[in-house]
Amino acid sequence: MTLRTRFVLVILGLMLLAQAMFGSAYYFLQKKAELAENYNRSMRSLRFAAAVCHEASLTGDWNPAKSHASLLREDLRIRYADCFDGNGAPLTGEAPGPAPDAPAPAGVWEISRSFGLNGGEAGRVRIGFDAAAVDAEIDANLARAVWDMARVASFTLLFGFLAAVMVARTLTRPIEAIAAAAKKVEEGDLGHRIPDGGGAEEVEALRRRFNAMTERLAETDRMKQSFVQSFTHDLKNPLSGIKACIASMHAGSFGEINDKQRRYLESSLEAAERLWDYIDDILSVMKLQTGGFPTRVEALDGREIARESAESFALKAKQCLVDLTRDMPDELPQVRADAQLLRRVFDNLISNALNFTPRGGKIVVRAEREREFVRFEIRDTGPGIPAKDLERVFESFHQVEKNKSKARRSGTGLGLAICRSIVRELGGRIWAQAPRAGGTRLFFTLPAA
Ligand SMILES: Nc1ncnc2c1ncn2[C@@H]1O[C@H](COP(=O)(O)OP(=O)(O)O)[C@@H](O)[C@H]1O
Ligand SMILES: [Mg+2]
């Protein structure tokens, strides 16, 4: 789960908790207020009814009191509303409730009050409420209040959610910037720096540390490169002398040599060649990384370069009994590339295919248009590359363990890294596939001219 999602969820959780707490407190207070309001209202009715009856006893005219009682009875919540004299005789009309000395029937909430009758004795007013109706009214009022509260709560939640998303974005953006920068550095871009984002103090400190760390890394890398570059360069001069010497001896320039000497000289020359290639590869990687390769990008025919490269391997292929062919369409756009670098890519890929394909195998070099790119493919019937190594073979020095014993010649593990640097430099992409049927398919694309 991302930091952003987690943050939003925590804020929403806290808001829900707060709303649940405030909501239940509000509910209980509201219920208390409703009960008090109901009680006060009923007591007011009772007091008023007592006053009306008292007035009637003074004037002797009971008609207003009777109409007031029947008005009260019209209220659906009221079961009975009666006025009795001291002997229990009803004074306010027909259909009275229970006798004055009888208790209130079940389900009735009764209130009563005495008042003075003209003549000294005391009368009594009784009002019986239907308890269920009273409760239903209170519940309906409460439900209305709860509904209003829920509406306010859902608006608050919605705004809270939007605010949380915005705050989370502001908080996580600097962290995402640092993660993106770390990825760039991981991919080898040691020149990348995180720009000043004006973020929180801690994030700023982290940004400064990160930049300082990358600066140190770049510095170490520069030192390493210049050391290796001058070191390998210095190795090349004496090595070319040694090679020339062995070649002359092998050619018999210093006198006749016997078969045993020839064999030893041949294997020495091969070892010197391998060392030379190794140094060459290392120098190329260094130059490609530091941009030290002067490139001359122009529109050129990729088929032509593929042909030259394949032809340079024709003899070797014949010796190894491997069938090396080309399969190129007649119509193919030109590509934008540097001729020397492109030749190097083909050389590396064809030499790899030849190096791993056993006798009787096949290598096909193909080309095809792919939208605004041209896609080249070098396909062989060798041992293939395991799925877990398909990406890693493009890293410097990475070699497939199980293929080592199958190689005709041990390599440096730099060839594909060089190819990837070149192809990327030219604006293309390179990748490997392991077809189910076996063998290896190596693809790369270049922008069409
Ligand atoms: N055509 C291929 N068939 C099988 N394995 C290959 C092929 N091309 C490359 N590989 C594997 O990828 C590794 C890296 O290739 P590369 O960078 O050219 O280094 P090198 O050829 O010097 O070993 C090789 O060592 C080999 O294990
Ligand atoms: Mg190679």
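Throughout, residues of each chain are indexed from 1 in the direction in which the sequence is written. Chains and ligands are labelled by the order in which they are written, letters from A for the one and numbers from 1 for the other. Local features in this predicted model are restricted to residues of pLDDT 70 or higher, and side-chain atom pairs are both shown and tallied only at a pLDDT of 80 or more, whereas totals for entire chains, interfaces and linings draw on every residue.

Helices and strands together make up the secondary structure of the protein chain, namely nine helices and ten strands. In terms of principal-axis extent, the alpha carbons of the protein chain reach across some 165 × 50 × 40 Å. A pair of residues counts as a contact when their C-beta atoms, built from backbone coordinates, are within 7 Å of each other. In the protein chain, the proportion of contacts linking residues at least 24 apart, taken out of those at least 6 apart, comes to 67%. Strands here mean DSSP runs of E at least two residues long; helices mean DSSP runs of H or I at least four residues long; both are numbered from the N terminus.

Before going further, it helps to spend a moment on the nonpolar core. To define a nonpolar core, we join buried Ala, Val, Leu, Ile, Met, Phe, Trp, Tyr and Cys residues through C-beta atoms within 7 Å and take the resulting set. To assign burial, the other C-beta atoms lying within 10 Å of each residue's own C-beta are counted, with C-beta atoms placed from the backbone; 20 or more indicates buried, 12 or fewer indicates exposed, and intermediate counts indicate partly exposed. The biggest cluster of nonpolar side chains holds 41 residues, and the ones touching the most others in it are Val345, Leu349, Ile350 and Cys419. Elements represented by at least two residues in this core include exactly helix H6 (302-312), strand S6 (335-337), helix H8 (339-356), strand S7 (362-370), strand S8 (373-380), helix H9 (415-425), strand S9 (430-433) and strand S10 (440-447). Top contributing element to this core by residue count: H8, with nine residues. Beyond its immediate stretch of four places on either side in the chain, Ile350 contacts Ser309, Ala310, Phe313, Ile363, Val365 and Ile378. In this structure, Ala56, Ala65, Leu72 and Phe129 belong to the second largest nonpolar core, which totals 17 residues.

Our focus in this paragraph is the confidence of the model for the protein chain. Every residue gets a pLDDT, meaning the predictor's confidence in that residue, from 0 to 100. Per-residue pLDDT for the protein chain has a mean of 91; in total, 99% of the residues score no lower than 70. Across the protein chain, element-level confidence peaks in S8 with a mean pLDDT of 98 and bottoms out in helix H5 (residues 259-289) with 88.

Of all residues adjacent to ligand 1, which total 20 residues, the nearest are Gln399, Val400, Gly411, Gly415 and Leu416. When residues of the shell around ligand 1 are traced back to their parent elements, those giving at least two are H8 and H9. Take the shell around ligand 1: its biggest share by element is four residues, from H8. Its residues assigned to classes, the shell around ligand 1 comprises nine nonpolar, ten polar and one charged. Placing a C-beta atom from the backbone of each residue, we mark the residue near a molecule or strand if the atom is within 6 Å of it. When residues are sorted by character, Ala, Val, Leu, Ile, Met, Phe, Trp, Tyr, Cys and Pro go into the nonpolar class, Asp, Glu, Lys and Arg into the charged class, and all the rest, Gly among them, into the polar class.

Let's shift gears to the domain arrangement of the protein chain. Frequently, the measure chosen for interface size is the accessible area removed from exposure when the parts meet. Per the domain assignment, the segments making up the protein chain are domain 1 (3-140), domain 2 (213-289) and domain 3 (298-447). Once you take the C-alpha centre of each, domain 1 and domain 3 turn out to be 96 Å apart. Boundary definitions for the domains trace back to an automatic or database domain assignment.

The buried fraction of S10 is high, at six of eight residues. Taken together, the eight bridges between S8 and S10 define a ladder with antiparallel strand orientation. Directly across from Phe376, in S10, lies its bridge partner Phe444. Any two strands with at least two DSSP-identified bridges between them are counted as paired. Sheet topology places S9 next to S10; four bridges connect them, and they run antiparallel.

The next subject is helix H4 (residues 201-250). When the terminal C-alpha atoms of H4 are compared, their 71 Å separation across 50 residues agrees well with the 74 Å that a helix rising 1.5 Å per residue should span. The buried count for H4 comes to two of 50 residues, which makes it a mostly uncovered element. After H4 finishes, the residue Gly252 shows a positive phi value of roughly 85°. A helix is expected to span 1.5 Å for every residue after the first.

What follows is about the environment of Lys402. Turning to its location among the elements, Lys402 is positioned in the loop between S8 and H9. Placed 130 residues apart in sequence, Lys402 and Ala272 show a C-alpha to C-alpha distance of 26 Å.

Take the sheet that holds S7 next. Pairing is mixed across the open sheet formed by five strands, whose spatial order is S5-S7-S8-S10-S9. Only two strands of the sheet have a single partner each, and these edge strands are strand S5 (323-327) and S9. In this sheet, adjacent strand axes meet at a mean angle of 15° when their direction is disregarded. Bridge count between S7 and S8: eight bridges; the pairing is antiparallel. Bridge pairing links Arg366 to Glu377 in S8. In the packing of H8 onto the sheet, contacts are made with S7, S8 and S10, and the angle to S8 comes to roughly 20°. Angles run from 0 to 180 degrees between N-to-C directions of axes, and those axes are lines fitted to C-alpha atoms, restricted for helices to the stretch in contact.

Glancing now at H9. Within H9, nine of the eleven residues are buried, leaving the element largely enclosed by the surrounding structure. By the burial criterion, the buried members of H9 are Gly415, Leu416, Ala417, Ile418, Cys419, Arg420, Ser421, Ile422 and Val423. Buried residues along H9 sit against H5, H8, S9 and S10. Phi for Gly427, located one or two positions after H9, is positive at around 90°.

What follows concerns unusual backbone geometry. In this structure, Leu321 is a non-glycine residue whose phi angle is positive, near 60°. Along the chain, the position of Leu321 falls in the loop between helix H7 (314-319) and S5.

It is worth spelling out the sheet that holds strand S3 (residues 122-130) at this point. An order of S1-S3-S2 is seen for the three strands of this open sheet, with the pairing classed as antiparallel. If you trace the sheet from one side to the other, it starts and ends with strand S1 (78-84) and strand S2 (108-116), each paired once. In this sheet, neighbouring strand axes are inclined to one another by 10° on average, regardless of whether the strands run parallel or antiparallel. As paired elements, S1 and S3 share six bridges and run antiparallel to each other. Note that in S3 the partner of Tyr80 across the bridge is Gly128. Each of S1 and S3 touches helix H2 (residues 63-74); the most contacted strand, S1, lies at about 160° to it.

Right, let's get into the environment of Ile430. Among the secondary structure elements, Ile430 is positioned in strand S9. Placed 127 residues apart in sequence, Ile430 and Arg303 show a C-alpha to C-alpha distance of 17 Å. The contacts of Ile430, once residues within four sequence positions are left out, are Phe394, Cys419, Arg420, Val423, Phe443 and Phe444.

Okay, the packing of helix H3 (residues 131-186) against H4 next. For the pair H3 and H4, interaxial distance at closest approach is 11 Å and the crossing angle is 10°. Viewed along their axes, H3 and H4 adopt a mutual orientation that is roughly parallel. Counted together, Pro174, Ile178, Ala181 and Val185 of H3 and Val203, Leu206, Arg207, Phe210 and Thr214 of H4 form the full contact between these two elements. Tallied by class, the residues present in the contact of H3 with H4 amount to seven nonpolar, one polar and one charged. Any angle from 65 to 115 degrees is called roughly perpendicular, while one under 35 is roughly parallel, one over 145 is roughly antiparallel, and all others are oblique.

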